[in-house]
Amino acid sequence: MTGQSPPNSRRRLILIERLSENILPILVFIAALAIWEALVWVKAIPPYILPAPSRIATTLLADWETLSASLFVTLRITFAALFAAMIGGVGLAIIFTQWKWAERSFFPFAVILQVTPIVAIAPLLLVYLDSSLAVLTCAFLVAFFPILSNTALGLASADRHLVDLFQLYRASRWQELLWLRLPAALPYFLGGLRIGGGLALIGAIVAEIAAGSAGQGAGLAFRIVESGYRLNIPRMFAALFLISVTGIAIFLAFSFLSHLLLGRWHESAHKGER
């Protein structure tokens, strides 16, 4: 019996650690909401200054038809931009890997687009493009570079010994790309996709705010601007809550996708295991 107690103790410790990792953040979040609710109630803060969480939840339910329609618009723009960024980023990364002269020629332009603040680009795009296309372009620009740079890094980080082996067996450049470099780049690409998903949402929100200030657009950011003009602060917080939940859901979905695709063959898929 004594020989089995150390493994049992270890399992109990692992179970307690996993429970604390999942439950402790939830408890802290609930405590923060309770403090927020109590503060608003004790200080008698009016809802047009700081609404209580209960008031935000009530507004979310009451205005769900309007907010859900705006959420669908924002999601449609976000995923369309992310899909375009994924196709463009991976395609351009492959071109950069296969032809170094293309990387030296065009990579600086990608860097320039990345370091230029999207909040400065959005009003300019609204001048030259239709509002929906301008919002889509802004979301694409901020999501494009992380996917491009991560994928290009992954394609270039294939094991040098395996590259020499492929060359020894006279594999073509495209065979080397398909069977060696693309699998090696998959973890990097998925990392860029997780980053790009959140950035696409941010780009869509920023562009929607710019479009909303001109009376155009119907996404969640437009509802925030509209609620601010009408001093409907509970609806503003409800829209912010939906944006936050959407960003978290996108990150978790791509994290789950990474776990499915990488499985047990890559260290990042089980880095927390012992």
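Higher on the page you've got the structure.
Conventions we followed
- Residues numbered from 1 in each chain as written.
- Predicted model: local features only at pLDDT ≥ 70, side-chain atom pairs only at ≥ 80, totals over all residues.
- Heavy atoms only, no water.
- Helix = DSSP H or I, 4+ residues; strand = E, 2+ residues; numbered from the N terminus.
- Buried < 20%, exposed > 50% of the residue type's maximum accessible area, 1.4 Å probe, protein only.
- Contact = heavy atoms within 4.5 Å.
- Areas by Shrake-Rupley, 256 points an atom, 1.4 Å probe, with all protein chains shown as cover.
- Patch = residues over 30% accessible without salt bridge, like charges linked within 9 Å, V, L, I, M, F, W, Y side chains within 5 Å.
- Salt bridge = Lys/Arg side-chain N within 4 Å of Asp/Glu carboxyl O.
- Phe/Tyr/Trp six-rings, centres within 6.5 Å; stacked < 30°, edge-to-face > 60°.
- Axes fitted to C-alpha atoms, helices over the stretch in contact; angles between N-to-C directions.
- Left-handed = near helix turned anticlockwise from the far one by under 90°.
- Parallel < 35°, antiparallel > 145°, perpendicular 65-115°, else oblique.
- Nonpolar A, V, L, I, M, F, W, Y, C, P; charged D, E, K, R; others polar.
- Core = buried A, V, L, I, M, F, W, Y, C linked by side-chain atoms within 4.5 Å.
- Arc of directions from axis to C-beta.

Chemist: Go over the overall build of the chain, please, and point to the residues and values.
Modeler: When you go through the chain residue by residue, the secondary structure sums to 10 helices and 0 strands. In the chain, the succession of helices and strands from N to C terminus is α-α-α-α-α-α-α-α-α-α. The proportion of buried residues among the 274 residues of the chain is 35%. Here the contacts in the chain between residues at least 6 apart in sequence split such that 71% fall between residues at least 24 apart. When the accessible surface of the chain is summed, it comes to about 16,700 Å², and 70% of that surface belongs to carbon and sulfur atoms.

Chemist: An account of a nonpolar patch on the surface is requested, with residue identities and associated values reported.
Modeler: Taken together, the side chains of Ile95, Trp99, Trp101, Phe106, Phe109, Ile112 and Trp174 present a nonpolar region at the surface, about 790 Å² in accessible area. With 4 residues, the top contributor of residues to the nonpolar patch is helix α4 (residues 100-115). Among the secondary structure elements, phenylalanine 106 is positioned in helix α4. For phenylalanine 106, a relative accessible area of 46% corresponds to the partly exposed category.

Chemist: I'd like a rundown of the packing of aromatic side chains, residues and numbers included.
Modeler: Counted under the stated rule, the structure contains 5 aromatic pairs. Pairing phenylalanine 140 with phenylalanine 144 gives two aromatic rings, centres 5.4 Å apart and planes at 35 degrees, and the pair type is tilted. In this pair, phenylalanine 140 and phenylalanine 144 are both assigned in helix α6 (residues 131-156), 4 residues apart and thus about one turn of the helix distant. A relative accessible area of 12% means that phenylalanine 144 is categorised as buried.

Chemist: So what about the packing of helix α3 (residues 64-98) against α6? Which residues, and what values?
Modeler: Their axes nearest at 7 Å, the elements α3 and α6 cross at an angle of 35 degrees. In the crossing of α3 with α6, the sense of the turn from one axis to the other is right-handed.

Chemist: Mind laying out the packing of helix α2 (residues 53-62) against helix α10 (residues 233-262), listing which residues take part and the relevant values?
Modeler: Interhelical geometry of α2 versus α10 gives an angle of 80 degrees and a closest axis separation of 8 Å. Taken as axis vectors, α2 and α10 run roughly perpendicular relative to one another. For the pair formed by α2 and α10, the contact residues are Arg55, Ile56, Thr59 and Leu60 on the first element and Pro234, Arg235, Phe237, Ala238, Phe241 and Leu242 on the second. Each residue belonging to the contact of α2 with α10 can be placed in one class, and the counts come to 7 nonpolar, 1 polar and 2 charged.

Chemist: Any details on the pattern of salt bridges? Residues and values, ideally.
Modeler: Using the criterion set out here, one finds 7 salt bridges in the structure. Of the charged contacts in the structure, one is a salt bridge between glutamate 226 and arginine 235, with a shortest N-O distance of 3.6 Å. Its relative accessible area of 15% is what places glutamate 226 among the buried residues. Residues joined by salt bridges that share partners form a network here, namely Asp63, Arg223, Glu226, Arg230 and Arg235.

Chemist: So what's going on with unusual backbone geometry? Which residues, and what values?
Modeler: Backbone phi values are negative for most residues with the exception of glycine, while trans is the configuration of most peptide bonds. We note that arginine 170 has phi near 60 degrees; this positive angle belongs to a residue other than glycine. With respect to the helices and strands, the residue arginine 170 is situated in the loop between α7 (160-168) and α8 (173-212). When its relative accessible area of 76% is taken as the criterion, arginine 170 is described as exposed. Notably, leucine 231 is not glycine yet its phi reads approximately 60 degrees, a positive angle. Under the relative-accessibility criterion, leucine 231 is labelled exposed at 56%.

Chemist: Could you give an account of the nonpolar core, naming the residues involved and the relevant values?
Modeler: Where a protein is soluble and globular, its nonpolar side chains tend to be buried together. Ranked by size, the top nonpolar core spans 23 residues in total, and within it Leu82, Ile147, Leu148, Leu155 and Leu193 carry the most contacts. Mapped by element, the contributors of at least two residues to this core are α3, α4, α6, α8 and α10. When residues no more than four places from it in sequence are discounted, the contact partners of isoleucine 147 are Leu82, Ala85, Met86, Gly89, Val90, Phe189, Gly192 and Leu193. Leu125, Ala134, Cys138 and Ala211 belong to the second-largest nonpolar core, a separate cluster that totals 17 residues.

Chemist: Run through α2, naming residues and quoting values.
Modeler: Residues of α2 that are buried include every one of Pro53, Ile56, Thr59 and Leu60, and no others. Take α2 and look down its axis: the buried residues cluster within an arc of 120 degrees, on one side only. Exposed positions of α2 whose direction lies more than 90 degrees from the buried face are Leu61 and Ala62.

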